[in-house]
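Given next are the chains, with one letter for each unit.
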Amino acid sequence: ILDDLAFLPVRALRAAVAGRAPEDALALGAAWGRRVASLGGPVTDTARINLTVAFPAASVTQRERILFDAYASLGRGIAELALLQGPHRQRLLDAVRLEGEAHLAAAESASPTGGVLVVTAHYGTWDLYAAALAQRGHALSVVHRGFANPRLDAMMTRVRLEGGGDLEEIRMGRGAAAALLSALRRGRKCIVLLDQNARAAEG
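This structure is a prediction, so every number in the text was calculated from the model and none was measured.

1. Digging into the overall build of the protein chain
Here comes step 1: Each helix and strand in the protein chain was counted, giving 9 helices and 4 strands.
Here comes step 2: Walking the protein chain from its N terminus toward its C terminus, one meets helices and strands in the order α-α-α-α-α-α-β-α-β-α-β-α-β.
Here comes step 3: Here the C-alpha atoms of the protein chain give a radius of gyration of 18 Å, agreeing with the 17 Å that 2.2 N^0.38 yields for 203 residues.
Here comes step 4: Seen through its C-alpha atoms, the protein chain measures out along the principal axes to roughly 50 × 40 × 40 Å.
Here comes step 5: Taking the contacts inside the protein chain whose residues are at least 6 apart along the sequence as the reference set, 76% of them involve residues at least 24 apart.
Here comes step 6: Total accessible area computed for the protein chain in this model is approximately 11,400 Å², and 59% of it derives from carbon and sulfur atoms.
Here comes step 7: Across the protein chain, the mean location of the 24 positive side-chain charges is 2 Å away from that of the 20 negative side-chain charges.

2. Notes on the pairing of strand β2 (residues 140-144)
Here comes step 1: Counted residue by residue, β2 has 5 buried out of 5 residues, so it is predominantly covered.
Here comes step 2: Neither face of β2 is left uncovered, since the one carrying Leu140, Val142 and His144 and the one carrying Ser141 and Val143 both have all their residues buried.
Here comes step 3: Where β2 and strand β3 (residues 167-171) come together, 5 bridges link them in parallel fashion. Counted as the bridge partner of valine 142 is glutamate 169 from β3.
Here comes step 4: The pairing of β2 with strand β4 (residues 189-193) spans 4 bridges and is classified as parallel. By the bridge assignment, serine 141 is partnered in β4 with cysteine 190.

3. Digging into the sheet that holds β4
Here comes step 1: In spatial order, the strands read β1-β4-β2-β3; together these 4 strands make up an open sheet with parallel pairing. The two strands at the open ends of the sheet, each matched to only one other strand, are β1 (116-120) and β3. Across the sheet, the mean angle from the axis of one strand to that of its neighbour is 25 degrees, orientation sign disregarded.
Here comes step 2: Taken strand by strand, helix α6 (residues 101-110) contacts β1 and β4, and its axis lies near 145 degrees from that of β1.

4. Considering the packing of helix α3 (residues 42-54) against helix α4 (residues 60-84)
When two helices pack together, you describe them by how their axes are tilted relative to each other and by the distance separating the axes.
Here comes step 1: Taken N-terminus to C-terminus, the directions of α3 and α4 make an angle of 130 degrees; their axes are 10 Å apart at the nearest point. Classified by the angle their axes make, α3 and α4 are oblique. Crossing of α3 over α4 shows right-handed handedness. Note on element contacts: α4 touches α3 through Arg63, Glu64, Ile66, Leu67, Phe68 and Tyr71, opposite Val43, Thr44, Ala47, Arg48, Leu51 and Thr52.
Here comes step 2: Across the contact of α3 with α4, the residue classes break down as 7 nonpolar, 2 polar and 3 charged.

Conventions adopted
- Residues numbered from 1 in each chain as written.
- Predicted model: local features only at pLDDT ≥ 70, side-chain atom pairs only at ≥ 80, totals over all residues.
- Heavy atoms only, no water.
- Helix = DSSP H or I, 4+ residues; strand = E, 2+ residues; numbered from the N terminus.
- Rg over C-alpha atoms; globule rule 2.2 N^0.38 Å.
- Contact = heavy atoms within 4.5 Å.
- Areas by Shrake-Rupley, 256 points an atom, 1.4 Å probe, with all protein chains shown as cover.
- Lys, Arg positive; Asp, Glu negative; His and termini not counted.
- Charge placed at Lys NZ, Arg CZ, Asp CG, Glu CD.
- Buried < 20%, exposed > 50% of the residue type's maximum accessible area, 1.4 Å probe, protein only.
- Pairing = 2+ DSSP bridges.
- Axes fitted to C-alpha atoms, helices over the stretch in contact; angles between N-to-C directions.
- Parallel < 35°, antiparallel > 145°, perpendicular 65-115°, else oblique.
- Left-handed = near helix turned anticlockwise from the far one by under 90°.
- Nonpolar A, V, L, I, M, F, W, Y, C, P; charged D, E, K, R; others polar.

Note that all results are geometric; they support no functional claim without further evidence.
Following this line, the structure appears as structure tokens:
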């Protein structure tokens, strides 16, 4: 029941924006995020504490602006994920501008197998960037833990695997290191999100 309640806001936003034009969906997602920030709760309380620690010289108004902007970004990210499963997927992907592909091509050329290790973090909707890369012909393997909420985890798996392009998941845990090495040997671009809190048992 708790898992269902936690997933309800995400499901509601996805249903509201999935069929909309991308610009309208993103605006609605941002408004939803700001509304969530205004309602407050344990997560926003923790965020405010962290912002106070990170920006002690900033005013309360400045820190609140950062908080609301962060939640607006989160709302836009959820809207983008919904659009990836909707009728405007291609329009959304066509709007993604990829910078630095030459670096990726150089790394691929320097690799004996063509495999490349791509190290990044949770910047924006990184799943959108991965989808855009896969659409452009890159074979991607994404290393990730997954979500504690099984419904959210299933949704994200569908976003990654059902949208076209060559994209596979490598789950953190037993066997992940071997799967990563195998993917590199097969010439895949392996995306590792290094800001994940990888426990010892997860590799």
